[in-house]
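Chain and residue survey
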Amino acid sequence: MVGATAPSRDGRDVIFDRIPPHDDDAEMAVLGGMLMSKDAIGEVSQMIDVTDFYQPKHQTIYEAIISLFSQSQPVDAVLVANQLLKDGDLEKVGGADYLHSLINAVPTAANATYYAEIVHQRAILRNVIAAGTKIAQLGYSAEGSQAEDVVNLAQSEVYEMSVGKVRQDYTAIGPVVHDALDQLDKLQNGEVERGVPTGFRDIDDLTQGLQPGQMIVVAGRPAMGKSTLGIDFARAAALHHHMTSIVFSLEMSKVELAQRIISAETNIPLVALRRADDITPERWNTLNQFWGKLEDAPLFIDDSPNMSLMEIRAKCRRLKQTNDLKLVVIDYLQLMSSGKQVESRQQEVSEFSRALKLLAKELEVPVVALSQLNRGPEMRNDKKPQLSDLRESGSIEQDADVVFLVHRPDFYDKEDRPGEADIIMAKHRNGPTETFHLAFLGATSKFKDMPQDYNANQGV
């Protein structure tokens, strides 16, 4: 067969024993263009990374050029040679003569970006080969019961490759602290956007929005309003701030969720949306206006039955690539299925919890996981939930960065603060905890901020 690779005597495919794809001439042309023009450095540095170069000496020269450029120093063959000499790398790259030969290899710096694209494409091909090799090794070494784990690792490898991420084992504390201070400075100057807004004034003030990489747990007893709060977060992000969000609903159908969103946004009672006689011409007009606003909203809903963790991860990765996903809401944790045998339900929920935290970090988005509480609150006199009430797993409490517990006093006593809700922030990894007082509008399926002076009137 033409183009097929011959297997070795022990039956292994030898395709990965070839020299990896690279283009030395393109690498030399890129570096030559950068040595000739500062503009070329700025454009090329946005297109490729040091690891895109195949030859180690080209990586070293590229790093020296970028080092000078980032310090606002002039860049030419002599200055780069001096920088390499200081770092003890000049002889390793072939001396000053090699730097001059790079300039002589290109007639003009104008084509540097063209050559950079060639270098980048070769690097992608090398990453494909590396990922394929690793996936093949995983497949050969795995036991039958680990097949789903191998598929997830394979997807993760391909995702990282496609977004161009380079894994790094460790980083010195100096640059990390510098980045943290730089972020704080930009935050103070209003140059950095806050996290994903929840739509609630006091919660956003304390948290600065839901932060990328965080796992946020919203927990409550059945019918307390945890699904409503999760949907409120998604509405605020997608409909009011145009941030791509997805809701995985393992409890309600797409139509039920849509009715709740319509009711919350239009203030038409939820019960009216389920009875044709209650939709007046005025309400139809309101619904049509809402549809016009909603048509292009980046809110996605998935109500697939028996959804597994692997499916959720795959869909989130795809949305991150295609629509720049900003928020994930899962309703709710205890309804998820692993599709494999486990020792106990507690162990299974623990695996879900850890995997969702890792997903949040991998995709750099906040993941809001709704969870049920056990009967602990109902055994107490004040009925207030606590962190220890999280059902089926202490690992949810450990993995979560933020935990909100939903409590409505009038659920137990209709005369006790009717229409009010306490959103108890029982855990906040990066700051203080607090109890937020919101209005619960059950008829239109949403929570709402209390007036600004509510706490003062309550004597808080």
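For the protein chain, an unreviewed UniProt entry supplies the name Replicative DNA helicase and the organism Bifidobacterium moraviense. UniProt, in its Sequence similarities (unreviewed entry) section for the protein chain, records the words "Belongs to the helicase family. DnaB subfamily."

With that settled, consider helix H10 (residues 226-241). Taking 1.5 Å as the rise per residue, H10 with 16 residues should run 22 Å; its terminal C-alpha atoms sit 22 Å apart, in good agreement. The largest bend in H10 comes to about 30°, at arginine 235. Among the 16 residues of H10, 13 are classified as buried, and the element is accordingly described as predominantly covered. Immediately beyond the C-terminal end of H10, within one or two residues, lies histidine 242, with a positive phi of roughly 55°.

Now for the side chain of arginine 235. If you trace the backbone, arginine 235 turns up in helix H10. Not counting the four nearest positions on each side in its chain, arginine 235 is found in contact with His240, Ile261, Ala264, Glu265 and Lys446.

So, about the side chain of arginine 317. Within the secondary structure, arginine 317 sits in helix H13 (residues 309-323). Polar contacts involving the side chain of arginine 317 include one to the side chain of glutamate 362, which spans 2.9 Å.

Before going further, it helps to examine a nonpolar patch on the surface. Where nonpolar side chains cluster on the molecular surface, the patch consists of Ile173, Val176, Val177, Leu181, Leu184 and Leu187 and spans about 540 Å² of accessible area. Along the chain, the position of valine 176 falls in helix H8 (residues 173-188). According to the relative accessible area criterion, valine 176 is partly exposed, its value standing at 41%.

Moving on: the sheet that holds strand E9 (residues 446-449). The 9 strands lie next to each other as E3-E2-E4-E5-E1-E6-E7-E8-E9, forming an open sheet whose pairing is mixed. Only two strands of the sheet have a single neighbouring strand rather than two, namely strand E3 (299-302) and E9. Ignoring which end each strand starts from, the neighbouring axes of this sheet average 25° apart. As paired elements, strand E2 (residues 245-249) and E3 share 4 bridges and run parallel to each other. The partner of phenylalanine 248 across the bridge, within E3, is aspartate 302. Across the sheet, helix H11 (residues 254-266) lies against E2, E3 and E9, angled at about 145° from E3, the strand it touches most. Of the strands in this sheet, E2, E3 and strand E4 (327-331) are in contact with H13, which crosses E2 at around 160°.

Right, let's get into the nonpolar core. Val218, Leu229, Phe233, Val368, Phe404, Ile423 and Phe447 are the most contacted members of the largest nonpolar core, which has 35 residues in total. Elements with a contribution of two residues or more to this core: strand E1 (215-220), H10, H11, E4, strand E5 (367-372), strand E6 (402-407), strand E7 (420-428) and strand E8 (434-441). Per-element tally for this core: the top contributor is H10, with 6 residues. Discounting chain neighbours no more than four positions away, the residues touching valine 368 are Leu210, Ile216, Val218, Phe233, Leu327, Val328, Val329 and Ile330. In this structure, Ile246, Val349, Leu363 and Leu373 belong to the second largest nonpolar core, which totals 34 residues.

Counting buried positions along E1 yields 6 of 6 residues, so the element is predominantly enclosed. Burial along E1 is two-sided: Met215, Val217 and Ala219 facing one way and Ile216, Val218 and Gly220 facing the other are all buried. Inspection of the sheet shows E1 paired to E5 by 6 bridges, in the parallel sense. Its bridge partner being in E5, isoleucine 216 is matched across the sheet by valine 368. Where E1 and E6 come together, 4 bridges link them in parallel fashion. Note on E6: the bridge partner recorded for valine 217 is valine 403.

As a packed pair, helix H1 (residues 24-36) and helix H2 (residues 38-45) sit with axes 5 Å apart at the nearest point and diverge in direction by 135°. Considering the angle they form, H1 stands oblique to H2. In contact with Val30, Gly33, Met34 and Met36 of H1, H2 contributes Lys38, Ala40, Ile41 and Val44. Here the residues of the contact of H1 with H2 sort into 6 nonpolar, 1 polar and 1 charged.

We now examine the packing of aromatic side chains. Per the stated rule, a full pass over the model turns up 5 aromatic pairs. Ring plane angle 45° and centroid distance 5.1 Å describe the contact between phenylalanine 53 and tyrosine 62, whose orientation is recorded as tilted. For the pair phenylalanine 233 and phenylalanine 404, a centre-to-centre distance of 6.1 Å together with 65° between the ring planes defines the contact as edge-to-face. Note that phenylalanine 233 is positioned in helix H10 and phenylalanine 404 in strand E6, a separation of 171 residues in sequence. On the basis of relative accessible area, phenylalanine 233 is assigned to the buried category, the value being 0%. Members of the aromatic cluster, connected to one another through ring pairs, are Phe200, Phe233 and Phe404. Sitting above the plane of the tyrosine 98 ring, lysine 57 keeps its charged end 4.1 Å from the centroid. Directly above the ring of phenylalanine 440 sits arginine 408, whose terminal nitrogen or CZ lies 4.1 Å from the centroid.

What counts and what doesn't
- Residues numbered from 1 in each chain as written.
- Predicted model: local features only at pLDDT ≥ 70, side-chain atom pairs only at ≥ 80, totals over all residues.
- Heavy atoms only, no water.
- UniProt positions renumbered as here; feature names shortened; annotations may be inferred.
- Helix = DSSP H or I, 4+ residues; strand = E, 2+ residues; numbered from the N terminus.
- Expected span 1.5 Å × (residues − 1).
- Bend = angle between axes of the 7 residues up to and from the residue.
- Buried < 20%, exposed > 50% of the residue type's maximum accessible area, 1.4 Å probe, protein only.
- Contact = heavy atoms within 4.5 Å.
- Polar contact = N/O pair within 3.5 Å; in protein donor to acceptor, adjacent residues only side chain to side chain.
- Patch = residues over 30% accessible without salt bridge, like charges linked within 9 Å, V, L, I, M, F, W, Y side chains within 5 Å.
- Areas by Shrake-Rupley, 256 points an atom, 1.4 Å probe, with all protein chains shown as cover.
- Salt bridge = Lys/Arg side-chain N within 4 Å of Asp/Glu carboxyl O.
- Pairing = 2+ DSSP bridges.
- Axes fitted to C-alpha atoms, helices over the stretch in contact; angles between N-to-C directions.
- Core = buried A, V, L, I, M, F, W, Y, C linked by side-chain atoms within 4.5 Å.
- Parallel < 35°, antiparallel > 145°, perpendicular 65-115°, else oblique.
- Nonpolar A, V, L, I, M, F, W, Y, C, P; charged D, E, K, R; others polar.
- Phe/Tyr/Trp six-rings, centres within 6.5 Å; stacked < 30°, edge-to-face > 60°.
- Lys NZ or Arg CZ within 6 Å of the ring centre and 35° of its normal.

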